[in-house]
Amino acid sequence: MKRFFALWRARPWLTSAFLLSCVVTLFFAGRFVGHAVYWANHQNEDVRPWMTVGYVARSWGVDGREIDALAGLPVPEVKGHPQTLSEIASDKGVPVADVIAAVEAAVATLRAAKE
Amino acid sequence: MTDWLLGLVPQYGLWLLAATTFLSCLALPFPASILMLTAGGFAAAGDLVLWQAFGAAAAGGIAGDQLGYWAGRGFGATFLSKLRKDPARDRLLARADAMMDRRGVMAVFLSRWLVSPLGPWVNLVAGSTGYGWPRFTAAGVAGESVWAGLYVGTGYGFAGNVEAASQALGSALGMIGGAGAVVALGYWLFSSAQGQAALRGGKG
């Protein structure tokens, strides 16, 4: 400790900068661990209009094609590219909130069946 | 705008990704990082192919770097002095300039991914000061690959939670940058004559 004070007296700015960068590194390390732990317990992301059924399925750990079947949605092959929920909604002529609700209900059913 | 862009990823996927990283390397405010994370998530869900998403993101960035570099070469000094009238840009450019002088390859490499806000300015400075093209390109390709790999890879790994992925990656980059500063400052401090003298208990 004594030596450290001697160091600090000899190079005050450099020593302060060194300590500050140590603190910053520890801060980000702590934040990183916090996020990792949080993520491990909260992997599921709320269903949004920009998501595809596959994305929702992956996030909630269920089978996308089963969501399609339960919620009455078209399979991706229909248009040749994966469709977002908002695209499905506008093709069906219904509000995107309805499609989201159907997908959420399907996810809830599938997850209940798994447990 | 971000939600709207994200919705276009499954449809226009790779082109959109490449265009976004390209534009963000020209200092235009496009949310390249969040788009790359989401593309990784879509890859995990099977809506995109992982290596293609990575390739598109890296290719867009590499092309953007080249445009910036050649713009710097072409317009050179006149263009730079115009940009420098804005004090905030002048500060960024001065920092980029100083980095370039000391260690160009590291500056180009690190300004692709660790301190990416500096990237576009490093490109301009590199071009206008006549920094060697082969060195610039080699460091640029390596840096953009790390950038694309980090973001698309994290999106893939954190599949289905873009927000968590974004925060975790932000913290990880902060940690890497901080650790780099600790090593550099520590080396400077402990290897300096005064530091050595102080540690030995003598007077500095």
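In this text, all values refer to a predicted model and were calculated from it rather than measured experimentally.

S.K.: Which residues make up the overall build of chain A, and what values go with them?
M.R.: From N to C terminus, chain A includes six helices and zero strands. Over its C-alpha atoms chain A spans a radius of gyration of 25 Å, topping by over 25% the 13 Å that the globule rule assigns to 115 residues. For chain A, the spread of C-alpha atoms along the three principal axes comes to 75 × 30 × 25 Å.

S.K.: Describe the nonpolar core, naming the residues involved and giving the relevant values.
M.R.: V103(A), M36(B), A39(B) and A57(B) are the most contacted members of the largest nonpolar core, which totals 56 residues. With eight residues, helix α2 (residues 32–44) of chain B is the single largest residue contributor to this core. Discounting chain neighbours no more than four positions away, the residues touching A39(B) are V9(B), L17(B), L48(B), A53(B), A57(B), V152(B) and G155(B). L93(B), V122(B), V125(B) and F136(B) belong to the second-largest nonpolar core, a separate cluster that totals 19 residues.

S.K.: Which residues make up the interface of chain A and chain B, and what are the values?
M.R.: Taken together, the contact between chain A and chain B spans 39 residues of the former and 39 residues of the latter. Sorting the residues of the side of chain A that touches chain B by element identifies α1 (2–10), α2 (12–41) and α3 (53–60) of chain A as the ones contributing at least two each. Split by residue class, the side of chain A that touches chain B holds 19 nonpolar, 13 polar and seven charged.

S.K.: So, unusual backbone geometry: which residues are in play, and what are the values?
M.R.: Phi at A27(B) is positive, roughly 70 degrees, even though this residue is not glycine. Classification of A27(B) as partly exposed rests on a count of 19 C-beta atoms within 10 Å.

S.K.: Account for α3(A), with residues named and values stated.
M.R.: Along an α-helix, a turn takes 3.6 residues, which lines up residues three or four apart on a common side. In terms of burial, α3(A) is a largely internal element, eight of the eight residues being buried. Residues of α3(A) that are buried: V53(A), G54(A), Y55(A), V56(A), A57(A), R58(A), S59(A) and W60(A). Among the structural elements, α4 (64–71) and α6 (96–114) of chain A together with α2 of chain B are those in contact with the buried residues of α3(A). Directly after α3(A), the chain includes G61(A), whose backbone phi takes a positive value near 65 degrees.

S.K.: Tell me about the domain arrangement of chain A, and name the residues and values.
M.R.: Under the domain assignment, chain A is made up of domain 1 (2–41) and domain 2 (53–114). Placing the centre of domain 1 of chain A and that of domain 2 of chain A at their C-alpha centroids yields a distance of 46 Å.

S.K.: I'd love a proper account of the environment of Y38(A), names of residues and values included.
M.R.: All names here are of chain A. One can find Y38 in helix α2. The class of Y38 is partly exposed, set by 14 C-beta atoms lying within 10 Å. The sequence separation of Y38 and L20 amounts to 18 residues, and the corresponding C-alpha distance is 27 Å.

Calculation notes
The written sequence of each chain sets the order in which its residues are numbered from 1. Chain labels run from A onward and ligand labels from 1 onward, assigned in the order the entries are written. Per-residue local features of the predicted model are confined to residues with pLDDT of at least 70, and side-chain atom pairs are confined, for both listing and counting, to 80 or more; whole-chain, interface and lining totals are unaffected and use all residues. Helix numbering and strand numbering both begin at the N terminus, where a helix is a DSSP run of H or I of at least 4 residues and a strand a DSSP run of E of at least 2. For the radius of gyration, the atoms used are the C-alpha atoms, and the globule rule reads 2.2 Å times the number of residues raised to 0.38. Any set of buried Ala, Val, Leu, Ile, Met, Phe, Trp, Tyr and Cys residues joined through C-beta atoms within 7 Å is what this text calls a nonpolar core. Counting other C-beta atoms within 10 Å of a residue's C-beta gives its exposure: the residue is buried at 20 or more, exposed at 12 or fewer, and partly exposed in between, where C-beta atoms are placed from the backbone. For the purpose of contact definition, each residue receives a C-beta atom placed from its backbone, and two residues are in contact when these atoms lie within 7 Å. Put simply, Ala, Val, Leu, Ile, Met, Phe, Trp, Tyr, Cys and Pro go in the nonpolar bin, Asp, Glu, Lys and Arg in the charged bin, and everything else, Gly too, in the polar bin. Where a domain begins and ends is set by an automatic assignment or by a domain database.

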